[in-house]
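An overview of the molecular structure
Spelled out from the first residue to the last, the chains are:
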Amino acid sequence: MMAGRISSLKVLLVFAGLLCAVSTQAEARRIRWNGNWAFGCDFYNRDLKNERMPGEQCGGACARTHRCTHFAWTRYNGGTCWMKFGSVTKSDAFSTGDNTMVCGVV
């Protein structure tokens, strides 16, 4: 009977270790918002248009663009602002793991 308890305990400890590892990975990928923008994130789909520009101009360009509600900036093609449309919140963003990227909402 003792062997059965030890096996169950080992399984429980391994499972708890896996949960801890998953939690640590999720923590590492958490998006840290600086007001309405953050590094290392993007939003799925909903592209309205894109333009080449420096990253610091992307949020303003989105704000001046009809129907643009959120954006992502990447180093693609020397720097591209991906202006996006539709109802969105910061919680809709996903972590890319690439801290050269920027995303935000307007």
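Residues numbered from 1 in each chain as written. Predicted model: local features only at pLDDT ≥ 70, side-chain atom pairs only at ≥ 80, totals over all residues. Heavy atoms only, no water.

In the nomenclature of an unreviewed UniProt entry, the chain is known as Apple domain-containing protein of Macrostomum lignano.

Comments concerning the nonpolar core
Among the nonpolar cores identified, the biggest contains 10 residues, and these are M53, C58, A61, C62, C68, F71, W73, C81, M83 and V102. Looking at this core, the elements with two or more residues in it are α2 (58-64), β5 (68-74) and β6 (80-85). Those residues in contact with C62, other than ones at most four positions away along the chain, are C68, T69, H70, F71, M83 and V106. Of all hydrophobic cores here, the second largest spans eight residues; its members include A38, C41, C103 and V105. (Core = buried A, V, L, I, M, F, W, Y, C linked by side-chain atoms within 4.5 Å. Buried < 20%, exposed > 50% of the residue type's maximum accessible area, 1.4 Å probe, protein only. Helix = DSSP H or I, 4+ residues; strand = E, 2+ residues; numbered from the N terminus. Contact = heavy atoms within 4.5 Å.)

Some points on the state of the cysteines
Per the stated rule, a full pass over the model turns up three disulfides. Here C58 engages in a disulfide with C81; their sulfurs sit 2.0 Å apart. Residues C58 and C81 are joined by a disulfide whose S-S torsion is about 75°; by sign, that bridge is right-handed. Within this pair, whereas C58 is found in helix α2, its partner C81 is found in strand β6, the two being separated by 23 residues in sequence. Judged on exposure class, the residue C58 and its partner C81 are both buried. (Disulfide = S-S within 2.5 Å.)

Side note on the pairing of β6
Looking at chain direction, strand β4 (residues 47-52) and β6 are connected through five bridges and run antiparallel. When the sheet's bridge partners are listed, D47 is paired in β6 with K84. Where β5 and β6 come together, six bridges link them in antiparallel fashion. For H70, the partnering residue across the bridge sits in β6 and is K84. Counting the residues in the hairpin turn of β5 and β6 gives five residues, including N77, whose phi is positive at 55°. (Pairing = 2+ DSSP bridges.)

So, unusual backbone geometry
In this structure, N45 is a non-glycine residue whose phi angle is positive, near 55°. Among the secondary structure elements, N45 is positioned in the loop between β3 (41-42) and β4. The class for N45 is exposed, based on a relative accessible area of 59%.

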